[in-house]
Amino acid sequence: MESQKKAPFSSTNMAITTQNKPFFFNYLQSLSQTPRRLRKRMLATWTPDQELNQVRLRSGADMKRKLRWYDLVALGIGGMLGVGVFVTTGSVAHKTSGPSVFISYIIAGISALLSSLCYTEFSVQIPVAGGAFSYLRVTFGEFVGYFAGANILMEYVLSNAAVARSFTEYLCSAFGVSDPDTWRIEVHHGLLQGYNKLDFIAVAIVLLLTFCLCHSTKESSILNLVMTIFHVVFFGFIIIVGFCNGSVDNLVKPGGLAPNGVKGVLDGAAIVYFSYIGYDSVSTLAEEIQNPPVSLPVGIVGSVLIVSGLYCLMALALCMMVPYNQIAEKASYSMAFQRIGWKWAGNVVGAGASLGIVASLLVAMLGQARYLCVIGRARLVPSWLSRVHPSTGTPLNATLFLGLCTASIALFTELNIVIEMISIGTLLVFYLVANALIYRKYVITSQNPPIRTLSFLFLLTSAAVGFSMSWNLKQQWWGLLVFGGIMISTTALFQYMVPFHGQPAGGESWSVPFMPWPAAISIFLNVFLMSTLKMLSFQRFAVWSCLITVFYVLYGVHSTFDAEEMEIEIMAVNEVPNPSMIHPNKLDV
């Protein structure tokens, strides 16, 4: 008789709860219970053990553990390099930072490194494919995790669409075509400006990579490794040629190193932060890694450090070759080589940049599918998106769905429309992860009362907002000193007064050193960099936030509530002892 029992979470067992009432009637009944369900679900948290074992079973088959630490380093480098240098450097140098764009990369890199430390500790303790979504769900509850996950998906889809369109620009330069719009189809009637240049080459590369990723993660990783090695050698060529044939005078002429002042440098840092999207993709591969406690820290932190160095050198090389006010905003490196008389090198740069962009697209599309897969496991989106194909070990449905979304946006939308919205979504998620790490270490792990930690996080964010407002209002130097002093003194006081009981259970997990300082500085920098973005970015972000909140209220909360009740019923029918073990906890505030 025991052998005839079915697995508690199988789709077959799900069928026993099918009701005869019409769907519309059931849905209206669920809507009438929305306030009660919101109270129960919004702050519902899962333990890492539930996330690792119980929730993961909902995908059916497991993902295959084939990746090693060097795969992760290559994936992290490949995911970041093509995006940063070839998409943002030229436009930021020309319009915002001037020759000091390399300093903008340093500032953004420091913030990204601190955020990567927070990601690393979470990924080691909770090695699941959900990345920031899972980290925030087990710490701050279902809604915060969902909100961050939806923003991550927006960031990935928009950035991948933007990068795919840049692929067309550099492919044009590889064939000696100076105007990439000649390879696009312009629609003069029916579409708004900025959405009326159809890019079928971008669509083709997105769909090609989508089908590649559906086949196998390991083979995709090998392809990325080969492209990344070639890409780093190619970067070395650009850096050497730029330094040898450029002039230091171009760094200080015509308007000095920072023609737009310190504000231009920091505004540029907020925009080039887009360049560091990619390392968080590594954390989403946690279910496919051999020996995660060792491989994840090396892969995440190592790739951020290597890429930060390359970004600074590449930015310097570009600004030495061409005065900042003459840098082309599109295909800037190819145009720079043509300006110094190396037209053949401009074509080579176009070809190499195209390859780098393919590598970054490959990694980003790898990560976005795993985010959606885990959000599907949580039943916050339709559960068919969480299915893992039994033979390939890949989230097939999520990969195809997001590939089609990315291709649709890449067909229509210009880069400058999406790039700042990408930065605000990235900065917000990194800000939330840093908050979650402090709360987890000082409340959940150390068993301290939550009020002190929550008060500290509130004061820290308030100080960052005050500092940012003082900076943007200009001439308010006293405000910078006051709010900067509040940030430092509050963090020091919190470290002294709130005890932290060392490593989490097990004692061997990787841990961020010198806590809470790295996470506190990350929070401060992320808030400050967000404040430098344009108001239009916040308006678009507000519209997106409203849309995803409405979706959660109308669908997500009811789906997760019903799924939990269904699983309790199934376990009771199958006589599983202690069915209450599947209940999530509630955030302690």
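So, how was this worked out
Residues numbered from 1 in each chain as written. Predicted model: local features only at pLDDT ≥ 70, side-chain atom pairs only at ≥ 80, totals over all residues. Heavy atoms only, no water. Helix = DSSP H or I, 4+ residues; strand = E, 2+ residues; numbered from the N terminus. Buried < 20%, exposed > 50% of the residue type's maximum accessible area, 1.4 Å probe, protein only. Contact = heavy atoms within 4.5 Å. Areas by Shrake-Rupley, 256 points an atom, 1.4 Å probe, with all protein chains shown as cover. Axes fitted to C-alpha atoms, helices over the stretch in contact; angles between N-to-C directions. Parallel < 35°, antiparallel > 145°, perpendicular 65-115°, else oblique. Nonpolar A, V, L, I, M, F, W, Y, C, P; charged D, E, K, R; others polar. Patch = residues over 30% accessible without salt bridge, like charges linked within 9 Å, V, L, I, M, F, W, Y side chains within 5 Å. Salt bridge = Lys/Arg side-chain N within 4 Å of Asp/Glu carboxyl O. Expected span 1.5 Å × (residues − 1). Core = buried A, V, L, I, M, F, W, Y, C linked by side-chain atoms within 4.5 Å. Left-handed = near helix turned anticlockwise from the far one by under 90°.

1. Points about the overall build of the protein chain
Part 1: Within the protein chain, the secondary structure is distributed over 21 helices and four strands.
Part 2: Across the 589 residues in the protein chain, those meeting the buried criterion constitute 60%.
Part 3: Across the protein chain, the fraction of contacts at a sequence separation of at least 24, relative to all contacts at a separation of at least 6, is 83%.
Part 4: Total accessible area computed for the protein chain in this model is approximately 23000 Å², and 68% of it derives from carbon and sulfur atoms.

2. Describing the packing of helix α6 (residues 101–125) against helix α7 (residues 132–140)
Part 1: Relative orientation of the contacting elements α6 and α7 amounts to 75°, with a least axis distance of 10 Å. On the basis of the axis angle, α6 is roughly perpendicular to α7. On α7, the residues touching Tyr119, Phe122 and Ser123 of α6 are Ala132, Tyr135 and Thr139.
Part 2: Residues that form the contact of α6 with α7 fall into these classes: four nonpolar, two polar and no charged.

3. Comments concerning a nonpolar patch on the surface
Part 1: Taken together, the side chains of Trp69, Tyr70, Val294 and Val298 present a nonpolar region at the surface, about 360 Å² in accessible area.
Part 2: Only α5 (69–97) and α13 (292–321) provide two or more residues apiece to the nonpolar patch.
Part 3: Turning to its location among the elements, tryptophan 69 is positioned in helix α5.
Part 4: Tryptophan 69 sits in the partly exposed class, given a relative accessible area of 45%.

4. Section: helix α15 (residues 343–377)
Part 1: The terminal C-alpha atoms of α15, which comprises 35 residues, lie 51 Å apart, in line with the 51 Å expected from a rise of 1.5 Å per residue.
Part 2: In terms of residue burial, α15 counts as a mostly covered element, since 29 of its 35 residues are buried.
Part 3: Directly after α15, the chain includes arginine 379, whose backbone phi takes a positive value near 70°.

5. Notes on helix α16 (residues 396–412)
Part 1: The terminal C-alpha atoms of α16, which comprises 17 residues, lie 25 Å apart, in line with the 24 Å expected from a rise of 1.5 Å per residue.
Part 2: Considered for burial, the residues of α16 that qualify are Ala398, Thr399, Leu402, Gly403, Thr406, Ala407, Ala410 and Leu411.

6. What to know about the nonpolar core
Proteins that are soluble and globular tend to have nonpolar side chains buried together.
Part 1: Grouped together as the largest cluster of nonpolar side chains are 164 residues, with contacts concentrated most on Phe86, Tyr119, Tyr333 and Ile438.
Part 2: With 17 residues, the top contributor of residues to this core is α15.
Part 3: In contact with isoleucine 438, other than residues within four places in its own chain, are Val443, Thr453, Phe456, Leu457, Phe494, Met515, Pro516, Ala519, Ala520 and Ile523.

7. Describing the pattern of salt bridges
Part 1: With the rule as written, the count across this model stands at three salt bridges.
Part 2: Across the pair glutamate 121 and lysine 441 runs a salt bridge whose closest N-O atoms are separated by 2.8 Å. Separated by 320 residues along the polypeptide, glutamate 121 in helix α6 and lysine 441 in helix α17 (residues 415–445) bring together distant segments of the chain. Taken individually, glutamate 121 and lysine 441 each receive the classification buried, so the pair is uniform in this respect.
Part 3: Lysine 263 is the salt-bridge partner of aspartate 267, the closest N and O atoms lying 3.0 Å from each other.

8. Observations concerning the packing of α7 against helix α8 (residues 142–174)
Part 1: Look at α7 against α8: their axes get within 7 Å of each other, and the N-to-C directions meet at 165°. Relative to α8, the element α7 lies roughly antiparallel. Our pair here, α7 against α8, has a crossing hand that is right-handed. Within the contact between the two elements, α7 uses Ala132, Phe133, Leu136, Arg137 and Phe140 and α8 uses Glu142, Val144, Gly145, Tyr146, Ala148, Gly149 and Ile152.
Part 2: In the contact of α7 with α8, the residues fall into eight nonpolar, two polar and two charged.

9. A word on the environment of leucine 75
Part 1: Within the fold, leucine 75 resides in helix α5.
Part 2: For the pair leucine 75 and serine 303, spaced 228 residues apart in the sequence, the C-alpha separation amounts to 8.3 Å.

10. Side note on unusual backbone geometry
Part 1: Along the chain, methionine 515 connects to proline 516 via a cis peptide bond; the corresponding omega equals 10°.
Part 2: Relative to the helices and strands, proline 516 resides in the loop between α19 (477–497) and α20 (517–531).
Part 3: Positive phi, normally seen in glycine, also occurs at arginine 379, with a value near 70°.
Part 4: Summarising the element assignment, arginine 379 is placed in the loop between α15 and α16.
Part 5: Owing to a relative accessible area of 11%, arginine 379 belongs among the buried residues under this scheme.
Part 6: Not every positive phi belongs to a glycine, and phenylalanine 514 is a case in point at roughly 60°.
Part 7: Here phenylalanine 514 is to be found in the loop between α19 and α20.

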